[in-house]
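Architecture and fold: a report
Residue-level listing of the chains:
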Amino acid sequence: MTPILQLRAVKAFYGQSEVLHGIDIAVERGGMTVLLGANGAGKTTALRAICGTVRREGEIIFSEHRLNGRSTEQIARLGIAHVPEGRGTFVGLTVEENLRLGAYTCTGTPHENMQRMYAYFPILAERRRQQAGALSGGEQQMLAIARALMMSPQLLLLDEPSFGLAPLVVESIFALVERIRREHRVSVLLVEQNASLALEFADRAYLIETGYVVSSGSAKALADDPQIRRSYLGY
Amino acid sequence: MHQLLQQIFSGLAAGAIYASLALALVMIYRATNLVNFAQGEMAMFSTYIAWTLVNAGLPFWGAFLITLAVSFLGGMAIERIVIRPVENAPILAAVVVTIGLLLIFNSLAGWIYSYTLQEFPSPFPDRPLFGALMTTRDIGVIAVTLVVLAVLFCFFRFTTTGLAMRAAAQNPESARLCGIHVGRMLAIGWGLAAAIGAVAGIMVAPALFLDPNMMSGVLLYAFTGALIGGITSPVGAVIGGLIVGVTENLVGTYLIASQLKFTVALILIILVLLFRPNGLFGTAIVRRV
Amino acid sequence: MSESLPVGAAGKLAPIRASVPNAAKVRWPCNWPWNWPWNWPWRWLAGAALIALAVVLPFALSNYHVFTLTQVMIYAIAVLGLNILTGYNGQISLGHGGFFAAGAYTAAILMHRYGVPYWATLPPAGLICFVLGVLFGLPALRFEGPYLALVTLAMAVAMPQLLKYFDTWTGGQQGIVLVKPLPPPGLGLDRDRWLYFFVLAVLLLAMRLAANLLNGRTGRALVAIRDHPIAAVAMGINTPRYKTLAFGASTLFTGVAGALAAIVVGFVAPESFSLFLSLSFLVGSAVGGIATIGGAIVGGFFIESVPNLANDVSDAAPWAIYGLAMLLFMYLMPRGLVGTLGPWFVHAMRKFRSARGAPK
């Protein structure tokens, strides 16, 4: 089975400076792939390169489509949902409006999808009329994920869903993502600092350091690698 | 007492016009964080288009609708061609560009239509109502403004495009990730602002007469109204515009000679910025570090 | 063949510099011409040549052109004032025409009512505008970015009304007609040429003062406040003081220019100080280079010559050209002519010199 997303020798730039120096990544259809690495390694940039919010070179292929040269909004329309760093919810709009925006690319009424999201995240149903800015961090993260799923994506890019959240909340969010992935057959590409948790849920992992992929393999293999255990897992 | 009420009502009619233009300013400010100094001249130019159409024999409301459509397209074109290059430039560049637009529209109007005053027809008869408390013309102006407001409110509240525009204004990057074409939304915002401005221009022209400089005072009052209401708040802009209209009329009648009207606006602007910089309804301006 | 050290260093530096297109990365604001990397004889010779040209020019031109050049210099002083505030300090003023008017009316009233000689009106005009500027600058500390632009715009719109209102002093709608000053006897100059030299002297003095102000500590503080207000505070720059100082200095220059205009034109009236005057200063600033000193002269030329050339086409044509110039300069040359070409020239000079191995 061909991967749903393939990056071949992808470089990314902020202004003149090259941040990614040619990385190769593949995301299996229906699988969960995780990008690990220290701060500033280029994980977030990799996601942004896929979505076209940074300047990039190299080849990015998403199920038959070349993404190079496509704008961010066109890429979203192809079925890639990105939950950006810092969640990117529309804080001035209500929860329901946020969800409606998630379904912006879909034709027809988003009602059914919205009910499904409210079933996954009952707290959002309770707060549907509240401004997103009034939600707690965990709720905002849920809202961000729900909004991304509203477009019925084939691929979900998650950027540090654990950011700034209590460990219990993180566990529940991961469990939900895992459940949604199985039930909806969404492929997930995850960027995460919490390596042990991420490796537990993911099936493939890439280790990025200073803009290069330095190690890759099954999540289990990486979790067992003594070098990686020492540097990233801390035991 | 009678005179006071009379002044208040005619102030409300003038205020409704300022409110429309203030609303246009607020829309552009929210969408692109720009203060559009050319808003008044764009409205003036739209009014000349309406005048041309009426003079060509079109019925008033037909000319009105065509003018709105033309202004909408023109506003979109201006955003795409003129404003887009400076969207992320320093404030100064954006100010200079909108001032450049102001000069271009002012001089184009002068060039095409000359600087002489022109009479502009009013669609409403000028009859006194309720014992001369107000005129039918005032009522008409206020009604048109209210209709515009209602249409806008419904557009932003209930349509997907309206929602997408709000999203694009608030967080362009996230909006893009949702598949929203942010550039198109900004263009639509400018188009709508231009159309609202056209309404203001057409409503004010019968009272002021048509000439290329007619909007400078109106723009000043609209700015004042927008600042009083809080430049990020559409509701505030409308209320602010009405406040300015009434204040202007009362101050002009009772306090000082009306030759100092603009000075009153200046003082109002300074006071608002000093003591309530976010206006009555605006949200705090976040300073980027 | 061994290379000597300076050449080697130049050879190393050259590719890096060459990769910078049209000197975009060269430090700005450009204080052209004061930062020309010339040795002293050249620098002074060039300056002397320019001044000599300015001195000889009026004798080669008609009275009309001399008068035009005088106007150019007056506008240059006014634009210089605007550059200090808006270019160097980032406080956007759309109302400098108001301060220009204040200076003009101060001079006119002093001359007309109190018989003060024309040359003695400049210091009070400057002083009054300095005070007005500081007074305006104090509340302006709280207006950021477009808000200050708005307030100053309101001031510019209100100005003609104010001038008409206080008609006991300003002569109302009719304005004040002044007697044009006589040239000092014994110089053999006619009135226009004398005024030309008078204004030239003020312009040179103004540029010198502006350079002193902007090329040192104060200038760096102003630019720091413009580019990174918070970092400026963190560095210990007294932001309120510098911002009000910039306002006062700026309006002082513009006020003096206004006084000169009253003297040279011999007439002040409210309608000459409309919003459009303020906007034309901004045009001059944008064209010459908003954060430059030399750009003010280019800007003055532009403001004065466009109407002279374009008025035949239509009354509206100059303003259309002004507007287009503003757009085009912001797109293509946001640092203006001098701000773009100046650093490029400096860079070329440096390269030329280092290629010849001249000692620093």
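The structure reproduced in this document is the subject of the present report.

Calculation notes
Residues numbered from 1 in each chain as written. Chains lettered and ligands numbered in written order. Predicted model: local features only at pLDDT ≥ 70, side-chain atom pairs only at ≥ 80, totals over all residues. Heavy atoms only, no water. 1 Å grid on protein atoms, 1.4 Å probe; cavity = no way out; pocket = protein on both sides within 12 Å on 5 of 7 lines; lining within 4 Å. Points joined across faces, edges and corners; volume = space filled by probe spheres on them. Helix = DSSP H or I, 4+ residues; strand = E, 2+ residues; numbered from the N terminus. Nonpolar A, V, L, I, M, F, W, Y, C, P; charged D, E, K, R; others polar. Pairing = 2+ DSSP bridges. Axes fitted to C-alpha atoms, helices over the stretch in contact; angles between N-to-C directions. Contact = heavy atoms within 4.5 Å. Salt bridge = Lys/Arg side-chain N within 4 Å of Asp/Glu carboxyl O. Buried < 20%, exposed > 50% of the residue type's maximum accessible area, 1.4 Å probe, protein only. Disulfide = S-S within 2.5 Å. Buried area = accessible area lost by both parts, 1.4 Å probe. Polar contact = N/O pair within 3.5 Å; in protein donor to acceptor, adjacent residues only side chain to side chain.

It is worth spelling out empty space enclosed by the protein at this point. On inspection of all chains with the given rule, the structure shows three cavities of 30 Å³ or more. Here the largest cavity defines a volume of roughly 50 Å³. If you trace the largest cavity, you find it lined by Glu41, Leu102, Asn106, Ser216 and Leu219 of chain B together with Leu153, Val157, Leu275 and Phe276 of chain C. Mapped by element, the contributors of at least two residues to the lining of the largest cavity are helix H4 (91–113) and helix H9 (215–229) of chain B together with helix H6 (146–165) and helix H12 (275–288) of chain C. Classifying every residue of the lining of the largest cavity by side-chain character gives six nonpolar, two polar and one charged. What lines the second largest cavity is simply Ala81, His82, Arg147, Ala148 and Met151 of chain A together with Leu177 and Cys178 of chain B.

Another aspect to go through is the sheet that holds strand S10 (residues 212–218) of chain A. Hydrogen bonds between backbone atoms are what pair the strands of a sheet, whose relative direction is either parallel or antiparallel. All names here are of chain A. Spatial strand order, S6-S7-S8-S3-S9-S10: six strands in an open sheet with mixed pairing. Sheet topology places strand S6 (80–83) and S10 at the edges, where each strand pairs with a single neighbour. The mean inter-strand angle of the sheet, taken between neighbouring strand axes irrespective of direction, is 15°. In this sheet, strand S7 (residues 155–159) lies alongside S6 in parallel orientation, the contact comprising four bridges. Counterpart to histidine 82 in the pairing with S7 is leucine 157. On top of the sheet, helix H6 (residues 137–150) reaches S6 and S7; it is set at about 170° to S6, its chief contact.

As a further point, take the pattern of salt bridges. Residues and elements named next belong to chain C. A complete count under the given rule lists 21 salt bridges over all chains for this structure. Aspartate 192 serves as the salt-bridge partner of lysine 180, at 3.9 Å between the closest nitrogen and oxygen. Taken together, the residues lysine 180 in the loop between strand S1 (176–177) and helix H8 (191–214) and aspartate 192 in helix H8 connect sequence positions twelve residues apart. The exposure class of lysine 180 is partly exposed, given its relative accessible area of 23%.

Applying the stated rule across the entire model yields zero disulfides over all chains. Cysteine 178 of chain B takes part in no disulfide bond, and the closest cysteine sulfur to it belongs to cysteine 106 of chain A, at a distance of 10 Å.

On the side of chain A, 23 residues touch chain B, which itself brings 21 residues to the contact. Taken together, the two surfaces of chain B and chain A that pack against each other cover about 1,800 Å², and 60% of this comes from carbon and sulfur. Between arginine 157 of chain B and glutamate 97 of chain A there is a salt bridge, and its shortest N-O distance comes to 3.4 Å. At the level of elements, helix H5 (136–158), helix H6 (160–170), helix H7 (172–177) and helix H8 (182–208) of chain B are the ones that each hand at least two residues to the side of chain B that touches chain A.

Right, let's get into the interface of chain C and chain B. Taken together, the contact pairs 43 residues of chain C with 46 residues of chain B. In total, about 4,000 Å² of surface goes out of reach between chain C and chain B, with carbon and sulfur atoms giving 84% of it. At the junction of chain C with chain B, the criterion picks out zero salt bridges. Applying the counting criterion to the chain C and chain B interface returns four residue pairs in polar contact (both at pLDDT 80 or more). Elements supplying a minimum of two residues to the side of chain C that touches chain B: H6, H12 and helix H14 (317–332) of chain C.

Honestly, it's all geometry; don't read function into it.
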